[in-house]
Amino acid sequence: SWALPISAERGFKLSLPMTVEGPDPDGAFLIEETTLAFMSHQGALFPLCSPVALGSRLKLAITLPPKLGEGRNLTLVVKGTIVDLDQGDGDGTPPQVALRLESRYLIQADAA
């Protein structure tokens, strides 16, 4: 599974709130609030209750910690492709999605 190598990469175990947008397996638009579990320059790992399909492109909008934004509310926006889905062991926890990230990203500041 790709989820193991992604955890072995140099990256950050983070618990940051984020919004996931993209298509469900039927092509309908989904949007879900979740929490980032791990991120490196190559990938991201997070739980997602909504059904998604391998190979789908998702957009992540990750809320950065206030100290990183020096008082401003910053959001990291990045896109990627689903490369692994771990359905879990049926204990009620949502499936883990592994996303291979594209190199382009955007940091947005709230207009506050």
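Every value quoted in this text rests on a predicted model; they were computed, and no experiment measured them. (Residues numbered from 1 in each chain as written. Predicted model: local features only at pLDDT ≥ 70, side-chain atom pairs only at ≥ 80, totals over all residues. Heavy atoms only, no water.)

## Some thoughts on the overall build of the chain
Within the chain, the regular secondary structure consists of one helix and six strands. Its helices and strands taken in sequence order, the chain reads α-β-β-β-β-β-β from the N to the C terminus. Counting over 112 residues, the chain shows a buried share of 40%. Within the chain, contacts between residues separated by at least 24 positions form 58% of all contacts whose residues are at least 6 apart in sequence. (Helix = DSSP H or I, 4+ residues; strand = E, 2+ residues; numbered from the N terminus. Buried < 20%, exposed > 50% of the residue type's maximum accessible area, 1.4 Å probe, protein only. Contact = heavy atoms within 4.5 Å.)

## Some thoughts on the side chain of S56
If you trace the backbone, S56 turns up in the loop between β3 (43-47) and β4 (57-63). A polar atom in the side chain of S56 sits 3.0 Å from the backbone oxygen of A53. When near neighbours in sequence (up to four residues on either side) are disregarded, S56 contacts P23, G80, T81 and I82. (Polar contact = N/O pair within 3.5 Å; in protein donor to acceptor, adjacent residues only side chain to side chain.)

## Observations concerning unusual backbone geometry
The backbone phi angle of E70 is positive, close to 45°, even though this residue is not glycine. Note that E70 resides in the loop between β4 and β5 (74-86).

## Describing the nonpolar core
Core analysis: the biggest nonpolar cluster contains 21 residues, and M39, F46, L58, L60 and I62 have the highest contact counts within it. Within the residue set of this core, elements represented by two or more residues are β1 (11-23), β2 (29-40), β3, β4, β5 and β6 (96-109). At four residues, the largest contribution of residues to this core is made by β5. In contact with L60, other than residues within four places in its own chain, are M18, T19, V20, A44, F46, L76, V77, V78, L99 and L101. (Core = buried A, V, L, I, M, F, W, Y, C linked by side-chain atoms within 4.5 Å.)

## Things to note about the pairing of β2
Bridging between β2 and β3 involves two bridges; their strand directions are antiparallel. When the bridges of β3 are listed, M39 appears paired with A44. (Pairing = 2+ DSSP bridges.)

## Remarks on the pairing of β5
One ladder, built from seven bridges, connects β4 with β5; its direction is antiparallel. Paired with L60 across the strands is V78, a residue of β5. Two elements, β5 and β6, share eleven bridges in a ladder whose sense is antiparallel. Across the sheet, the residue bridging to L74 is A109, located in β6.

## Describing the side chain of T19
For T19, the location among the structural elements is in strand β1. Polar side-chain contacts of T19 include one of 3.1 Å to the side chain of E33.

## Thoughts on the environment of I31
In this fold, I31 is placed in strand β2. The sequence separation of I31 and L58 amounts to 27 residues, and the corresponding C-alpha distance is 9.8 Å. Discounting residues that sit within four places of it in the chain, I31 has contacts with T19, V20 and E21.

So far we have only geometry, and geometry alone does not tell us how the molecule works.
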